[in-house]
Amino acid sequence: MELEPGAVGPARALEPLRYLREALRAALSRIREGESRESNETFEQQRFWDTLGQTFRATSQEATKLSLAFSRPPLPSAEDCQKLSDGVQNAVLAAARVYYWLPKDQGTTLRKMVRDAAAEVVEGMIQLTDVILSTPLQSLSQEQLISTGSIWEACEQISHLPQDNQAAVLSAMSAYLGVVRDAVEEMEQAQGEDQDPYSDIMEDEELGSRGNRDMYWSEADRKLLGPCMGLMKASKACLKKLLGAVKVHGKADTPEQVAQLDDLADITNEISPSVDELALSMYPPMNQLAVRLNAAKLASILKKVLGITKGSHVCPSSEEGWVQFLSGAVDHNMDKIKDFTQSEL
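Residues numbered from 1 in each chain as written. Predicted model: local features only at pLDDT ≥ 70, side-chain atom pairs only at ≥ 80, totals over all residues. Heavy atoms only, no water.

Peer 1: Sorry if this is basic, but what is going on with the packing of aromatic side chains here?
Peer 2: Centre-to-centre distance and the angle between the planes together describe a pair of aromatic rings. Inspection of every chain in the model, using the stated rule, returns four aromatic pairs. On the basis of an interplanar angle of 50° and a centroid distance of 5.6 Å, the ring pair of Phe 43 and Phe 48 is categorised as tilted. With a relative accessible area of 23%, Phe 43 lands in the partly exposed category. Among the aromatic side chains, those forming a connected cluster through ring pairs are Phe 43, Phe 48 and Trp 49. (Phe/Tyr/Trp six-rings, centres within 6.5 Å; stacked < 30°, edge-to-face > 60°. Buried < 20%, exposed > 50% of the residue type's maximum accessible area, 1.4 Å probe, protein only.)

Encoded structure:
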């Protein structure tokens, strides 16, 4: 239980921590909502990353000092608590100021990754102050150890961030591909389990009678599964091929190249949620009209991805073959889905 503000003794000594917590919340809000500052100065990439790393190492050290000061009785004096709070606040604000150095023309994908990493550090610091204020008179608790460790980890993660928009987009797309790959594998496994997609999660005694046909695919359902899986596999292939194209041909040297990479990151971000929606609708009892609608949505997204890819600098003539092939594969599978579900309209 947090000691009441304004009380005598220990509570009075903790006043600076309460002010710190409010200052950190305000800083977090600014980081999440704020824009980079416009400047006529040339952006120095190496200076930015070196300074950002230094400020977050300082933040990590201040978190350690704060945690150690409250690791055993007696509580720090009001004066010491003020010094500790000032140290944390100054370190966090310094890190936030450096984040604002990163201009928009370096890429929105890169800025989002840096912003999220910075926000995670500040969130961790808020959590640590919450823990200390809730249990100030106790020895070092497991919760305090975890909070301190999460700050160290978040600060360390800053040094592993991608340092330009090409690397940021590659990182994002790799994550999207991982989600889609998992969805494809899960659906392949479900189809291979003796006609029962739920066999890995429900035992016989839980189901009672295995005669419930809602738990199985009908023959018509199974026909529809083929082209749906075709679309899911096309999604995986699209992300895999695009990842390779961005790795080989992607550049972040001009505003146009940076913007094209951001466009690719934005549209490919829509693939995995759409794949998941289609996969969920494929499980029995299957509503074939819902499957058709979800498939059409995924097909539309894939066509957009392929169109944006073809018009970008990551798609020289050597890459056009797979773009054209996958476009045809999407059309072919979608035509089959329409044929199989025509009676549902």
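Next comes the rest of the description.
Peer 1: I keep staring at empty space enclosed by the protein and nothing clicks. Help me out?
Peer 2: Going through the model one piece at a time under the given rule, you end up with one cavity of 30 Å³ or more. Looking at the largest cavity, its volume works out to about 30 Å³. What lines the largest cavity is Ile 31, Phe 56, Thr 59, Val 92, Ala 95, Ala 96, Val 121 and Val 122. If you list the elements that add at least two residues to the lining of the largest cavity, you get α3 (45-69), α4 (78-99) and α5 (108-134). (1 Å grid on protein atoms, 1.4 Å probe; cavity = no way out; pocket = protein on both sides within 12 Å on 5 of 7 lines; lining within 4 Å. Points joined across faces, edges and corners; volume = space filled by probe spheres on them. Helix = DSSP H or I, 4+ residues; strand = E, 2+ residues; numbered from the N terminus.)

Peer 1: In this structure, what is going on with a negative patch on the surface? I would like to understand it.
Peer 2: Together, Asp 182, Glu 185, Glu 186 and Asp 276 give the surface a local cluster of negative charge. Considering every element that reaches the negative patch, the biggest residue donor is helix α7 (residues 165-191), with three residues. (Patch = residues over 30% accessible without salt bridge, like charges linked within 9 Å, V, L, I, M, F, W, Y side chains within 5 Å. Areas by Shrake-Rupley, 256 points an atom, 1.4 Å probe, with all protein chains shown as cover. Salt bridge = Lys/Arg side-chain N within 4 Å of Asp/Glu carboxyl O. Lys, Arg positive; Asp, Glu negative; His and termini not counted. Charge placed at Lys NZ, Arg CZ, Asp CG, Glu CD.)

Peer 1: Whenever I open this one, the layout of surface pockets confuses me. Can you help?
Peer 2: One water molecule sets the probe size; rolling that probe over the atoms shows where empty space is left. Considered as a void within the structure, the second largest pocket measures approximately 210 Å³ in volume. Going through the elements one at a time, α5, α7 and α10 (255-268) are the ones with two or more residues in the lining of the second largest pocket.

Peer 1: Sorry if this is basic, but what is going on with the packing of α3 against α5 here?
Peer 2: Packed helices, taken two at a time, are described by the angle their axes make and the gap between the axes. In contact at an axis separation of 11 Å, α3 and α5 are set at 10° when each is read in the N-to-C sense. The orientation of α3 with respect to α5, classified from their angle, is roughly parallel. Along its contact with α3, which presents Phe 48, Trp 49, Leu 52, Phe 56, Thr 59, Ala 63, Leu 66 and Ser 67, the element α5 presents Leu 110, Val 114, Ala 118, Val 121, Met 125, Leu 128, Thr 129 and Ile 132. (Axes fitted to C-alpha atoms, helices over the stretch in contact; angles between N-to-C directions. Parallel < 35°, antiparallel > 145°, perpendicular 65-115°, else oblique. Contact = heavy atoms within 4.5 Å.)

Peer 1: Would you mind showing me how to read the packing of helix α9 (residues 219-249) against helix α11 (residues 271-282) here?
Peer 2: Where α9 meets α11, the closest approach of the two axes is 11 Å, and the angle between their N-to-C directions is 160°. Of the possible angle classes, the one that applies to α9 and α11 is roughly antiparallel. In this structure, the crossing between α9 and α11 has a hand that is left-handed. Of the residues in α11, those touching α9 at Leu 225, Cys 228, Met 229, Leu 231, Met 232, Ser 235 and Leu 239 are Ile 271, Val 275, Leu 278, Ala 279 and Met 282. Residue composition of the contact of α9 with α11, grouped by class: eleven nonpolar, one polar and no charged. (Left-handed = near helix turned anticlockwise from the far one by under 90°. Nonpolar A, V, L, I, M, F, W, Y, C, P; charged D, E, K, R; others polar.)

Peer 1: I tried to follow the nonpolar core on my own but got confused; where do I start?
Peer 2: Here is a general trend for soluble globular proteins: nonpolar side chains tend to be buried in one another's company. One finds Leu 17, Val 114, Leu 231, Met 232, Val 246, Ile 271 and Leu 278 to be the most contacted residues of the largest nonpolar core, which totals 95 residues. Those residues within four positions of Leu 278 in sequence are excluded, and the remaining contacts are Cys 228, Leu 231, Met 232, Val 291, Asn 294, Ala 295 and Leu 298. (Core = buried A, V, L, I, M, F, W, Y, C linked by side-chain atoms within 4.5 Å.)

Peer 1: Sorry, what's going on with the side chain of Glu 62 here?
Peer 2: Along the chain, the position of Glu 62 falls in helix α3. Within the structure, Glu 62 has its side chain in polar contact with the side chain of Lys 65 (distance 3.3 Å). Those residues in contact with Glu 62 that sit more than four places away from it in its chain are Gly 87, Val 88 and Ala 91. (Polar contact = N/O pair within 3.5 Å; in protein donor to acceptor, adjacent residues only side chain to side chain.)

Peer 1: I'm lost on the side chain of Gln 257 in this one. Help?
Peer 2: One can find Gln 257 in helix α10. Leaving out residues up to four positions away in the same chain, Gln 257 has contacts with Lys 251, Ala 252 and His 313.

Peer 1: Please explain unusual backbone geometry as it appears in this structure.
Peer 2: Excluding glycine, residues mostly have negative phi values, and the peptide bonds linking residues are mostly trans. The step from Pro 73 to Pro 74 runs through a cis peptide bond, and the omega angle for that step is -5°. Tracing the sequence through the fold places Pro 74 in the loop between α3 and α4. Cis peptide bonds are those with omega within 30 degrees of zero, and the linkage from Pro 284 to Pro 285 qualifies with -5°. For Pro 285, the position within the fold is in the loop between α11 and α12 (288-310).

Peer 1: Hey, could you run me through the environment of Gln 191 in this one?
Peer 2: Looking at where Gln 191 falls in the secondary structure, it is placed in helix α7. Assessed through its relative accessible area of 21%, Gln 191 is described here as partly exposed. Sequence-distant contacts of Gln 191, defined by excluding residues within four places in its chain, comprise Trp 217, Arg 222, Leu 225 and Met 229.

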